[in-house]
Number of protein chains: 2
Amino acid sequence: MKGSILITASCFLLMAACKPAKQEDSPAKFFASGKWIDLTYSFSEQTLYWPNNPTGFKLDTQANGITPAGFYYSSNAFSAPEHGGTHLDAPVHFAKAHQTTDQVPLEHLTGGAIVIDVSERALKEADYLISVQDIEAWEKANGKIPDSTIVLFRTGYGKYYPDAKKYFGTDEKGAGAIPHLHFPGIDPAAAEWLVRRQVKAVGLDTPSIDYGQSKDFKTHQVLLAKDIPAFENVANLDQLPVTGAYIVALPMKIRNGSGGPLRIIAWVKND
Amino acid sequence: MKGSILITASCFLLMAACKPAKQEDSPAKFFASGKWIDLTYSFSEQTLYWPNNPTGFKLDTQANGITPAGFYYSSNAFSAPEHGGTHLDAPVHFAKAHQTTDQVPLEHLTGGAIVIDVSERALKEADYLISVQDIEAWEKANGKIPDSTIVLFRTGYGKYYPDAKKYFGTDEKGAGAIPHLHFPGIDPAAAEWLVRRQVKAVGLDTPSIDYGQSKDFKTHQVLLAKDIPAFENVANLDQLPVTGAYIVALPMKIRNGSGGPLRIIAWVKND
């Protein structure tokens, strides 16, 4: 009898602990156990664009002061190329008739992420190509990358942003500067590997998923043709764990856009 | 002895069930039990702006076709006022020296949300002011709104977007059209109530948190002075449950901005 009471009591207690309270089950409660980290650079006159863009980001004041009615009011207009600062490459950027910015599904913009750190080599070698070997070494250390993962590469170049000379390899402007671009990117063979592994999206902390010296932008062609969007100039990748972060990467919803400003954040569990 | 084995066995089984597997604990697994819903209108030439804006959203093609190197490439530039389409009002929009767009903390842009549906009255009365009574009626039916909630109001006006005549009450342009604006908004007394309840942010499916006939934009003044950001022209509010949605509302990160394009999504648990 005593044993039976004991079983009943312990089951009751354990089952009560098992059953999630309605609140515990809610995402608001779930997310309270960690914090969101911003992986986005601000848009300003310092925002970096490909050297052949005639203009960069511009903010024009429409109003800033006390109105005749007596209250304070400020408002601006802005203009920018799609591809600069922290931004999205939509599949149509290099793949004709593929998804435009507004058509990239939220399933490819949200999800679990892994971070592959290649900074040790990339910071020594401006033309570094992230290789299949780099990804396989990551898997050897951390286990197989699951399907439907967002794969982020950390080259360490984030620490140079927005110093064009260090980040791009040149601070010259115009089409003539393009041959002088030197920064790390992803080897097309690694892009093919990522396609086979059916990743959701790819991001990194350089101006482009193809390295600065690329002429054919093959990595763009490979990934975007398979509707795998790219996130470029991603900030603060040093703040993410190797596994376990959850990404929400939301581009400005430009109809018929080939890309655009991206606000990308990561949720990371508290220690 | 048998009883003791039984206790040990049942405890072992129950405790194993209690202990979350590493994967079950991850946000990627958590979010797999529901779906993200997009609450954002696309930016295009149809995007609605306040009638006195001289221009709206503009997309300019920079490239679209086969390059001399033989691959397809498309790229655009764009321009827009900050306040139109689905967008953020940052505190500095009406509160001098308060947070600019890039400074609004992620804590105010992410969180659990409730939806207060006032569409039955608002669709009959273009100058409808969402009242303290509307909020208190919601609480009577659904329980107290917790602190740090994102409060979304559904007026039903979303179904009119982007038909300016129905959505704004006028399709005229220029400053002369402003007195003809008729759409629902939030009564300043309700804004004061929301401040006292320490909500994270406020959103709705009309062009402005102040109703069309407002002259002093008092609701803006009340909320923004307390650093409670506003989400305007929010889409698809009819797709959200009354409670339990989780919002991620990410504005384009405009340094010194008074607002800007907002990509807002909601996570909703599967039925």
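Bear in mind that the values here come from a model prediction, so they are computed numbers and not experimental data.

Thresholds applied
Residue positions are counted from 1 within each chain, in the order its sequence is given. Chain labels run from A onward and ligand labels from 1 onward, assigned in the order the entries are written. Residues qualify for local features only when their pLDDT is at least 70, as the model is predicted, and side-chain atom pairs are given and counted only at 80 or more; totals for whole chains, interfaces and linings, by contrast, use all residues. To obtain the side-chain values, all non-hydrogen atoms of the structure were included, while hydrogens and water were left out. Numbered from the N terminus, helices here are DSSP runs of H or I no shorter than four residues, and strands are runs of E no shorter than two. Here's how the labels work: a residue is buried when its accessible area is under 20% of the maximum for its type, exposed when over 50%, partly exposed in between, all with a 1.4 Å probe on protein chains only. By definition, residues are in contact when any of their heavy atoms lie within 4.5 Å. Only the protein chains shown count as covering a residue, and every accessible area follows the Shrake-Rupley method with a 1.4 Å probe. In this charge count, Lys and Arg are treated as positive and Asp and Glu as negative; neither His nor the chain ends contribute. The atoms used to mark charge sites are NZ of Lys, CZ of Arg, CG of Asp and CD of Glu. For helices, the fitted axis covers only the stretch in contact; all axes are lines through C-alpha atoms, and the angles between them, taken along N-to-C directions, range from 0 to 180 degrees. Throughout this description, any angle smaller than 35 degrees is read as roughly parallel, any larger than 145 degrees as roughly antiparallel, any in the 65 to 115 degree range as roughly perpendicular, and the remainder as oblique. Each residue is assigned to one class: nonpolar for Ala, Val, Leu, Ile, Met, Phe, Trp, Tyr, Cys and Pro, charged for Asp, Glu, Lys and Arg, and polar for all the others, Gly among them. The copies are overlaid by a least-squares fit using only the C-alpha atoms of residues whose pLDDT is at least 70 in both copies. Counted as a polar contact is a pair of N or O atoms within 3.5 Å, where, for protein atoms, one must be capable of donating a hydrogen and the other of accepting one, and residues adjacent in sequence contribute only when both atoms are in side chains. What makes a salt bridge here is a side-chain nitrogen of Lys or Arg within 4 Å of a carboxyl oxygen of Asp or Glu, nothing more. When DSSP finds two or more bridges between two strands, those strands count as paired. Only protein atoms enter the 1 Å grid used here, on which a cavity is any set of points holding a 1.4 Å probe that cannot leave and a pocket is any open set flanked by protein within 12 Å on both sides along at least five of seven lines; residues with an atom within 4 Å of a point are listed as lining. Grid points are joined across faces, edges and corners, and a volume is the space filled by probe spheres set on the points. Any two of the Phe, Tyr and Trp rings considered here, Trp counted by its six-membered ring, make a pair once their centres fall within 6.5 Å; the pair's planes then place it as stacked at under 30 degrees, edge-to-face at over 60, or tilted in between. The predictor attaches a confidence to each residue, and that confidence, scored 0 to 100, is pLDDT. Summed over both partners, the accessible surface that disappears when two parts come together, traced with a 1.4 Å probe, is what is meant by buried area.

Asks: Please explain the overall build of chain A as it appears in this structure.
Replies: When helices and strands are tallied, chain A shows 7 helices and 12 strands. Dimensions along the principal axes, computed over C-alpha positions, put chain A at roughly 90 × 65 × 35 Å. Counting across all 271 residues of chain A, residues that qualify as buried make up 56%. Within chain A, contacts between residues at least 6 apart in sequence are counted, and of these 74% link residues at least 24 apart. About 11800 Å² of surface is accessible on chain A, with carbon and sulfur atoms providing 52% of the total. Averaging the positions of the 26 positive and the 29 negative side-chain charges in chain A gives two centres separated by 7 Å.

Asks: Can you help me understand the packing of helix α6 (residues 188-196) of chain A against helix α7 (residues 218-225) of chain A in this one?
Replies: The axes of two packed helices give the description: the angle between them and the distance between them. Residues and elements named next belong to chain A. Two elements in contact, α6 and α7, have axes separated by 8 Å at closest approach and are oriented at 10°. What the angle tells us is that α6 and α7 run roughly parallel. Contact residues: α6 offers Pro188, Ala191, Glu192, Leu194 and Val195, while α7 offers Lys218, Thr219, Val222 and Leu223. The residue inventory of the contact of α6 with α7, partitioned by class, reads 6 nonpolar, 1 polar and 2 charged.

Asks: Any chance you could explain the relation of the copies chain A and chain B here in plain terms?
Replies: What connects the two chain copies is a rotation about an axis and a shift along it. When chain A is fitted onto chain B, the two copies agree to an RMSD of 0.0 Å after a turn of 180° and an axial shift of 0.0 Å. What the rotation and shift describe, once combined, is the action of a two-fold rotation axis. In terms of C-alpha distance to the rotation axis, chain A has Ser79 of chain A as its closest residue, with the C-alpha 2.0 Å off the axis. When the interface residues of chain A are mapped onto chain B, 100% of them again lie at the interface, so the same face is used by both copies.

Asks: Could you clarify how one ought to interpret the side chain of Thr110 of chain B in this entry?
Replies: Within the element layout of this structure, Thr110 of chain B appears in strand β5 (residues 110-117). A polar side-chain atom of Thr110 of chain B sits 2.8 Å from the main-chain carbonyl oxygen of Leu106 of chain B. Those residues in contact with Thr110 of chain B that sit more than four places away from it in its chain are Trp36 and Ile265 of chain A together with Ile150, Lys200, Tyr246, Ile247 and Val248 of chain B.

Asks: Where do I start with the pattern of salt bridges in this structure?
Replies: When the charged atoms of two side chains lie near each other, side chains of opposite charge can form a pair. Residue and element names in this part refer to chain B. Under the criterion given, the structure shown has 8 salt bridges over all chains. The closest approach of N and O atoms between Arg263 and Asp38, which form a salt bridge, is 2.9 Å. Residue Arg263 is located in strand β12 (residues 259-269), and its partner Asp38 is located in strand β1 (residues 34-38); the two are separated by 225 residues in the primary sequence. The exposure classification of Arg263 matches that of Asp38, with both residues buried.

Asks: Help me out: how do you make sense of the sheet that holds strand β2 (residues 58-66) of chain B in this one?
Replies: The strands making up a sheet associate through backbone hydrogen bonding, with each pair oriented either parallel or antiparallel. The 4 strands are arranged β2(A)-β3(A)-β3(B)-β2(B) in an open sheet whose pairing can be described as antiparallel. The sheet is open, and its two borders are formed by β2 (58-66) of chain A together with β2 of chain B, each paired with just one other strand. Sheet twist, expressed as the average angle between the axes of neighbouring strands with direction ignored, equals 10°. Two elements, β2 of chain B and strand β3 (residues 72-81) of chain B, share 8 bridges in a ladder whose sense is antiparallel.

Asks: Honestly, empty space enclosed by the protein in this entry has me stumped. Any pointers?
Replies: With a probe scaled to a water molecule rolled over the atoms, the places where space remains empty come into view. The full count for this structure, using the stated rule, is 1 cavity of 30 Å³ or more. Of the volumes computed, that of the largest cavity is approximately 60 Å³. In this structure, the largest cavity is lined by 14 residues; those nearest its centre are Pro251 and Met252 of chain A together with Leu250, Met252 and Pro261 of chain B. Elements that contribute at least two residues to the lining of the largest cavity include exactly β11 (243-251) and β12 (259-269) of chain A together with β11 (243-251) and β12 of chain B. Here the lining of the largest cavity is built from residues that sort into 11 nonpolar, no polar and 3 charged.

Asks: How do you make sense of the pairing of β12 of chain A when you look at a structure like this?
Replies: The side chains of a regular strand alternate, residue by residue, between the two faces of the sheet. Residues and elements named next belong to chain A. Most of β12 sits out of view: 10 of its 11 residues are buried. Sheet analysis places strand β1 (residues 34-38) next to β12, joined by 5 bridges and oriented antiparallel. Residue pairing in the sheet places Trp36 in a bridge with Trp267 of β12. Strand direction decides the pairing type here: strand β4 (residues 87-89) and β12, joined by 3 bridges, are antiparallel. For His87, the partnering residue across the bridge sits in β12 and is Pro261. As paired strands, β11 and β12 are joined by 6 bridges and run antiparallel to one another. By the bridge assignment, Tyr246 is partnered in β12 with Trp267.

Asks: I'm lost on the packing of aromatic side chains in this one. Help?
Replies: Note on aromatic pairs: each is described by the distance of the centres and the angle between the planes. Scanning the entire structure with this criterion turns up 41 aromatic pairs over all chains. Measuring from ring centre to ring centre gives 4.9 Å for Tyr246 of chain A and Phe31 of chain B, while their planes differ by 20°; the resulting arrangement is stacked. Note that Tyr246 of chain A is positioned in strand β11 and Phe31 of chain B in helix α2 (residues 27-31), a pairing that runs across two chains. Phe31 of chain B matches Tyr246 of chain A in its accessibility class, with the two residues each being buried. Aromatic ring contacts, followed pair by pair, group Phe30, Phe31, Trp36, Tyr246 and Trp267 of chain A together with Phe30, Phe31, Trp36, Tyr246 and Trp267 of chain B into a single cluster.

Asks: Explanation requested: the confidence of the model for chain A in the structure shown.
Replies: Detailed reading of the predicted model is not advised wherever pLDDT is low. Residues and elements named next belong to chain A. In the predicted model, chain A carries a mean pLDDT of 92, and the fraction of residues at 70 or more is 91%. Within the model, pLDDT remains below 50 along residues 1-24, and this stretch shows 18 contacts once partners closer than five positions in the same chain are excluded. Confidence metrics for the complex model read pTM 0.91 and ipTM 0.91.

Asks: Explain the environment of Phe30 of chain B to me, please; I cannot follow it from the model alone.
Replies: Residue and element names in this part refer to chain B. Its location among the elements puts Phe30 in helix α2. Residue classification places Phe30 among the buried residues on the basis of a relative accessible area of 11%. Considering only alpha carbons, one finds Phe30 and Arg196, 166 residues apart in sequence, at a separation of 32 Å.

Asks: I keep staring at the interface of chain A and chain B and nothing clicks. Help me out?
Replies: It is common to give the size of an interface as the accessible area that goes away when the parts come together. Counting residues at the interface gives 70 residues for chain A, matched by 70 residues for chain B. A buried area of about 6200 Å², summed over both sides, lies between chain A and chain B, and 66% of it is on carbon and sulfur atoms. Among the residues chain A hides against chain B, the three largest losses belong to Phe78, Lys253 and Arg263 of chain A. Together they make up 13% of the total. Between Asp38 of chain A and Lys253 of chain B there is a salt bridge whose closest N-O contact spans 3.0 Å.

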